[in-house]
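What follows is the residue order along each chain.
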Amino acid sequence: MKKKWFLMLTVISMVLFLWGCGSSSSNKGAGGETEVLDGGAGENATELSYWTFVELHGKHFEKMLTKWNEANPDRQIKLNVTVMPYDDMHNKLSIALQTGTGAPDIADIELGKFPDFLAGTPQLEPLNDVIDPYRDTIVKSRLDLYSKDGVNYGAPTHVGATVAFYNTEILKEAGVDYTTIKTWDDFKKAGIQVYEKTGKYMATADTSALWQSSMMLAQQGADLTDDNGKPKVNSPEMIKGLTVLKDLQDNNVISTIAGGQPDTEEAYGEFNSGNYATAFMPLWMMSRYTNYMPDLAGKIALAPLPVMEEGMPRSLGGGGTGTVVTKTAKDVQLAKEFVAFAKLSKDANIEIWNTLGFDPVNMDIWNMKEVTHNPDNEFVKYFVNNPFDVLNEIKDEIRLIKSTSASPTINNVLCTVTLNEIFEDGRDITEALNDAQAQIEQELQ
């Protein structure tokens, strides 16, 4: 059964190259672009390989490698970083782990794919011993995402708190104040006004991703699966959530977009041109704005999500990447300790914010004003308001949509068939979801 996952689609649509670094060499390898980082290491350094599907992750590891080598002169590392397209990397990694040949020492595995790598006996090293020193400072739910039977197999990258990204220039032209938008009724009124006065859409109607569907479920306390991990995509909450979104589309408040969701190369151009006023996305979307939508600098404000009724939770954790160490790593303990240092340490969490624009899994960082409100930080400079002011407002409202073994199938069906039927073809929501439920159950048999 062919399974595809929708998250991080930008890496499918682009040719990825690792960001330039000081002392490095480059060559083609493992189906992608490989960068050899020495991080100031000496001749006796251990060479480790690292596969990722996001170029910015390589940039972060470059900074942490230098810090590691400075702090560990007797255990220095050189890192061979290979960046590949999303599907290519996960497929190659799966085959390498199944055959026991050709796997990297360290790899990133995206949240939607992670359950596949935990099936049966995971060919990944347990990370509990290297996570334990940081455990009290890390958001537990993010560790749980990459765990099985109480064993941690992946180190998280971010919280991924979902917020609304508002284009204040468009809203100002239409006479709309984003700070007054609390509910979907408020959002609808604002969107009708924006369309009437500017001819532009308030937001997207996503067809190739579940960001919006998930946020509608989360605010109702619901999920895509039940307590046993079984699919329930035709639940009353899912029907209600999509009905709200379809009503917005019918009133010219939201509209489908090239690429099917905000995090695609095609959509970046649409947003950069000012054709849509809002994106509902996790905080890591900030790096997409700074890297791919330069014309919007100084125009984008962050705010909590609208909800059906005030008092509902206004955010959820979206997306994620767990960094793992494989069973075939040449120096398992060294690789594990480096991963924990590069992803979970205080310095790592500060750099994850500074370099990637991600909300750190160590919430202590959220209150470090010298870090979060640094006027020289590119993300602080780019956005109208400070991201951490919004994060601290919603920190107790960030819900979670589970990732289970059924998740890849659920997302494949909904994001290639069902959402297109609803938002492109106008099919009845309940009928479309009932058919999706039946198809998912059949594929999972």
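Residues numbered from 1 in each chain as written. Predicted model: local features only at pLDDT ≥ 70, side-chain atom pairs only at ≥ 80, totals over all residues. Heavy atoms only, no water.

Q: With reference to specific residues and values, describe the overall build of the chain.
A: Within the chain, the secondary structure is distributed over 19 helices and 15 strands. What you see for the chain is a C-alpha radius of gyration of 21 Å, in line with the 22 Å of a compact globule of 445 residues. Counting only C-alpha atoms, the chain reaches 65 × 55 × 40 Å along its principal axes. Per-residue burial for the chain yields a buried fraction of 60% across its 445 residues. (Helix = DSSP H or I, 4+ residues; strand = E, 2+ residues; numbered from the N terminus. Rg over C-alpha atoms; globule rule 2.2 N^0.38 Å. Buried < 20%, exposed > 50% of the residue type's maximum accessible area, 1.4 Å probe, protein only.)

Q: Now, about the nonpolar core: what can you tell me, with residues and values included?
A: Within the largest apolar cluster, 93 residues are counted, with the highest numbers of intra-cluster contacts made by Phe165 and Tyr289. At 8 residues, helix 13 (residues 332–344) tops the list of elements feeding residues into this core. Judged by nonpolar contacts, the second largest core, of 52 residues, contains Ala174, Leu210, Met215 and Ile440. (Core = buried A, V, L, I, M, F, W, Y, C linked by side-chain atoms within 4.5 Å.)

Q: Can you explain the packing of aromatic side chains? Please cite residues and give values.
A: Scanning the entire structure with this criterion turns up 23 aromatic pairs. Centroid distance Phe165 to Tyr289: 5.1 Å. Interplanar angle 25°. Geometry classified as stacked. In this pair, Phe165 is assigned in strand 8 (residues 162–167) and Tyr289 in helix 12 (residues 285–292), connecting sequence segments 124 residues apart. Of the two residues, Phe165 and Tyr289, both sit in the buried class. One aromatic cluster is present, formed by Tyr50, Phe61, Trp68, Phe338 and Phe341 through successive ring pairs. (Phe/Tyr/Trp six-rings, centres within 6.5 Å; stacked < 30°, edge-to-face > 60°.)

Q: Talk me through the sheet that holds strand 11 (residues 278–282); I want residue IDs and the actual numbers.
A: Within the open sheet, the 3 strands sit side by side as 11-8-12. Their pairing is antiparallel. In this open sheet, the two edge strands, each paired with only one partner strand, are strand 11 and strand 12 (300–303). Adjacent strand axes in the sheet meet at a mean angle of 30°, parallel and antiparallel pairs treated alike. (Pairing = 2+ DSSP bridges. Axes fitted to C-alpha atoms, helices over the stretch in contact; angles between N-to-C directions.)

Q: Please give an account of unusual backbone geometry that cites residues and values.
A: Phi is positive for Asp149, which is not a glycine, with a value near 50°. Within the secondary structure, Asp149 sits in the loop between strand 6 (147–148) and strand 7 (151–152). Judged by its relative accessible area of 73%, Asp149 is exposed. Although it is not a glycine, Asn252 sits at a positive phi angle of roughly 60°.

Q: Outline helix 2 (residues 55–71), listing residues and values.
A: With 17 residues, helix 2 should reach 24 Å at 1.5 Å per residue; the first-to-last C-alpha distance of 25 Å fits that figure. Among all positions of helix 2, only Glu55, Leu56, His57, Gly58, His60, Phe61, Glu62, Met64, Leu65, Trp68 and Asn69 are buried. (Expected span 1.5 Å × (residues − 1).)

Q: Can you explain the pairing of strand 14 (residues 321–325)? Please cite residues and give values.
A: For a regular strand, side-chain orientation follows a simple rule: the groups alternate between the two sheet faces. Along strand 14, 5 of the 5 residues are buried, which leaves the element largely enclosed by surrounding structure. Side chains Thr321, Thr323 and Val325 project from strand 14 onto one buried face, and the interleaved Gly322 and Val324 project onto a second face that is buried too. One ladder, built from 5 bridges, connects strand 5 (residues 106–110) with strand 14; its direction is antiparallel. From the neighbouring strand, Glu110 faces strand 14, where its bridge partner is Thr321.

Q: Which residues make up helix 17 (residues 387–394), and what values do they have?
A: Note that an α-helix has 3.6 residues per turn; residues three or four places apart therefore point the same way. Taken residue by residue, helix 17 has Pro387, Phe388, Val390, Leu391 and Ile394 as its buried positions. Down the axis of helix 17, the sector holding all buried residues measures 155°, keeping them to one side. Between a side-chain oxygen at the N-terminus of helix 17 and the backbone nitrogen of Phe388 the separation is 2.8 Å; the capping residue is Asn386. (Arc of directions from axis to C-beta. Polar contact = N/O pair within 3.5 Å; in protein donor to acceptor, adjacent residues only side chain to side chain.)

Q: Please give an account of the pairing of strand 3 (residues 46–52) that cites residues and values.
A: Most of strand 3 is tucked away, with 5 of its 7 residues classed as buried. Here 7 bridges tie strand 3 to strand 4 (residues 77–83), and the two strands are oriented parallel to one another. Note on strand 4: the bridge partner recorded for Thr46 is Ile77. Handedness of the crossover joining strand 3 and strand 4 through helix 2 is recorded here as right-handed. With 2 bridges joining them, strand 3 and strand 5 adopt parallel strand pairing. Bridge pairing links Tyr50 to Ile106 in strand 5. (Right-handed = clockwise from strand over helix to strand, strands pointing away.)

Q: Break down the pattern of salt bridges for me, citing the residues and quoting the values.
A: Scanning all chains against the criterion turns up 16 salt bridges. Two residues, Lys299 and Glu169, come together in a salt bridge whose shortest N-O distance is 3.1 Å. You can see Lys299 sitting in the loop between helix 12 and strand 12 and its partner Glu169 sitting in helix 7 (residues 168–174), a full 130 residues away along the chain. (Salt bridge = Lys/Arg side-chain N within 4 Å of Asp/Glu carboxyl O.)

Q: If you had to explain the environment of Pro231 to someone new, which residues and values would you point to?
A: As for its position among the elements, Pro231 is in the loop between helix 9 (211–218) and helix 10 (236–250). In the structure, Pro231 is positioned 19 residues away from Asp250 in sequence and 28 Å away in space, judged by C-alpha atoms. Look past the residues within four positions of Pro231 in its chain and what remains in contact with it is Leu224, Thr225, Ala406, Ile410, Gln437, Ile440, Glu441 and Leu444. (Contact = heavy atoms within 4.5 Å.)

Q: Just give me the short version of the packing of helix 10 against helix 19 (residues 429–444), but keep the residues and values in it.
A: Direction vectors running N to C along helix 10 and helix 19 enclose 135°, while the axes themselves pass 10 Å from each other. With respect to helix 19, the axis of helix 10 lies oblique. With respect to the hand of their crossing, helix 10 and helix 19 are arranged in right-handed fashion. Contact residues: Met238, Ile239, Leu242, Thr243 and Lys246 in helix 10; Ile429, Thr430 and Leu433 in helix 19. Its residues assigned to classes, the contact of helix 10 with helix 19 shows 5 nonpolar, 2 polar and 1 charged. (Parallel < 35°, antiparallel > 145°, perpendicular 65-115°, else oblique. Left-handed = near helix turned anticlockwise from the far one by under 90°. Nonpolar A, V, L, I, M, F, W, Y, C, P; charged D, E, K, R; others polar.)

Function cannot be inferred from these measures alone, as they are strictly geometric.
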